[in-house]
Amino acid sequence: MEELLRRGLNTSVVKAFGGSAGGCISQGQSYETDRGLVFVKINSKPEAKMMFDGEAASLEAIQQTYTLRVPKPITVLDMAGGGALFVMEHLKMSHLHRYAAQLGEEIANLHLHNQKLGERLKSNMSTVGKGCAQDALQPVEKFGFHTTTCCGYIPQRNDWQSDWATFFTHQRLQTQMDLIEKDYGDRKARELWAALQLKIPEMFKDMEIVPALLHGDLWGGNVAEDDTGPIVFDPASFYGHSEFELAIADLLTPGKSPPPFVQILHRPHHAPIILTFF
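No experiment lies behind these values; they were computed from the predicted model shown.

A.B. asks: Mind laying out the overall build of the chain, listing which residues take part and the relevant values?
C.D. replies: The number of helices and strands found in the chain is 7 helices and 13 strands. Counting over 278 residues, the chain shows a buried share of 43%. Taking as baseline every contact in the chain between residues at least 6 positions apart, the subset at least 24 positions apart corresponds to 57%. Accessible surface for the chain amounts to roughly 15300 Å². Of this, 53% is attributable to carbon and sulfur atoms.

Right, here's the structure in full:
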């Protein structure tokens, strides 16, 4: 693995430091290199390349908004025996505590970022006789993402859709129902789903939902801080309804509402929620 990192990073120094780390899916190790400290996620599964490519694209998208801090992605490398490595900036992270409220504000700013881009574009277009510089990012008007992301090993279809109900129904809930059908062949679940999916559009009727860039896998295990402020990592991003961000947090604490580390502060006029972690 060290030789692969030397070639992939064009570095002569690859020296492991600290203990190895690991989550539910991948293992991790920090290294000293010619280009500074890096953190490497390692996964030997065939799905690893797709999973890491989606995570890298998610980190890049969040980083480009300048709303909250994430590890800078560097490269994804294929391992000869199968699987992949994901190399990113090394950050010395600790449990989120001091900067919990700041993270809540920054997540809200992430959710508002695309909406504000659209508002600024409209304002620029209405300006008469004044030259307006183009933003590096342009507003996104549909729901989805430019590449596949993963929830664990499960690929998430992110084909662009013009409305949230269609995206949510066919590319989030339908995927889960397909897995239930494949693994269990549950007839009752199939019948209930056939009835429910017809009603989903009504649940969002007359709601103005502006696509918001989401972390996509936001829960207590994917947030941290260092001496300078809060950090989020392990995203599975897409443009969706801002309140979808609560889904994973709620999923990991079934029967409890809201999860104990989330305080929900609703803003008026359909603005996204603020999440405060404590």
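A.B. asks: Mind laying out the environment of V40, listing which residues take part and the relevant values?
C.D. replies: Here V40 shows up in strand β3 (residues 36-43). Looking at V40, the relative accessible area reads 0%, which means it is buried. Along the chain, V40 and H90 lie 50 residues apart, while their C-alpha atoms are 8.5 Å from each other. Apart from the residues lying within four places of it in its own chain, the contact partners of V40 are L5, Q27, G28, Q29, Y31, L85, F86 and V87.

A.B. asks: If you had to explain the side chain of E225 to someone new, which residues and values would you point to?
C.D. replies: Of note, E225 is situated in strand β9 (residues 223-226). At 2.8 Å, the side chain of E225 forms a polar contact with the backbone nitrogen of H97. Apart from residues lying up to four places away in sequence, E225 is in contact with K92, M93, S94, H95, L96, H97, R98, Y99, P230 and I231.

A.B. asks: An account of the nonpolar core is requested, with residue identities and associated values reported.
C.D. replies: Across soluble globular proteins, nonpolar side chains show a tendency to be buried alongside one another. Grouped together as the largest cluster of nonpolar side chains are 42 residues, with contacts concentrated most on W164 and V232. By residue number, the principal contributor to this core is helix α2 (residues 48-65), which donates 8 residues. Two domains share this core, each providing at least three of its residues, namely domain 1 (16-89) and domain 2 (94-123 + 139-266). Membership of the second largest hydrophobic core comes to 11 residues, among which are L4, V14, L77 and L85.

A.B. asks: Please give an account of the pairing of strand β10 (residues 229-232) that cites residues and values.
C.D. replies: Note: β9 against β10, 4 bridges, orientation antiparallel. Bridging from a neighbouring strand, D226 pairs with G229 of β10.

A.B. asks: Describe in detail unusual backbone geometry, supporting the description with residues and values.
C.D. replies: The residue D206 is not glycine, and still its phi comes out positive at about 65°. One non-glycine residue with positive phi stands out, namely D234, at about 50°. For D234, the location among the structural elements is in the loop between β10 and β11 (238-240). Look at D234 and you get partly exposed, because its relative accessible area is 27%.

A.B. asks: So what about the packing of aromatic side chains? Which residues, and what values?
C.D. replies: For the structure shown, the criterion picks out 10 aromatic pairs. With a centroid separation of 5.8 Å and an interplanar angle of 35°, the aromatic rings of F52 and F86 are classed as tilted. Residue F52 is found in helix α2, and its partner F86 is found in strand β5 (residues 84-89); the two are separated by 34 residues along the sequence. Assessed through its relative accessible area of 0%, F86 is described here as buried. Measuring from ring centre to ring centre gives 5.4 Å for F167 and F238, while their planes differ by 25°; the resulting arrangement is stacked. Note that F167 is positioned in helix α4 (residues 164-184) and F238 in strand β11, a separation of 71 residues in sequence. The burial state of F167 is the same as that of F238; both residues are buried. Cluster of aromatic residues (ring-pair linked, three or more members): F143, W164, F167, F168, F204, F238 and F244.

Criteria and cut-off values
- Residues numbered from 1 in each chain as written.
- Predicted model: local features only at pLDDT ≥ 70, side-chain atom pairs only at ≥ 80, totals over all residues.
- Heavy atoms only, no water.
- Helix = DSSP H or I, 4+ residues; strand = E, 2+ residues; numbered from the N terminus.
- Buried < 20%, exposed > 50% of the residue type's maximum accessible area, 1.4 Å probe, protein only.
- Contact = heavy atoms within 4.5 Å.
- Areas by Shrake-Rupley, 256 points an atom, 1.4 Å probe, with all protein chains shown as cover.
- Polar contact = N/O pair within 3.5 Å; in protein donor to acceptor, adjacent residues only side chain to side chain.
- Core = buried A, V, L, I, M, F, W, Y, C linked by side-chain atoms within 4.5 Å.
- Domains from an automatic or database assignment.
- Pairing = 2+ DSSP bridges.
- Phe/Tyr/Trp six-rings, centres within 6.5 Å; stacked < 30°, edge-to-face > 60°.

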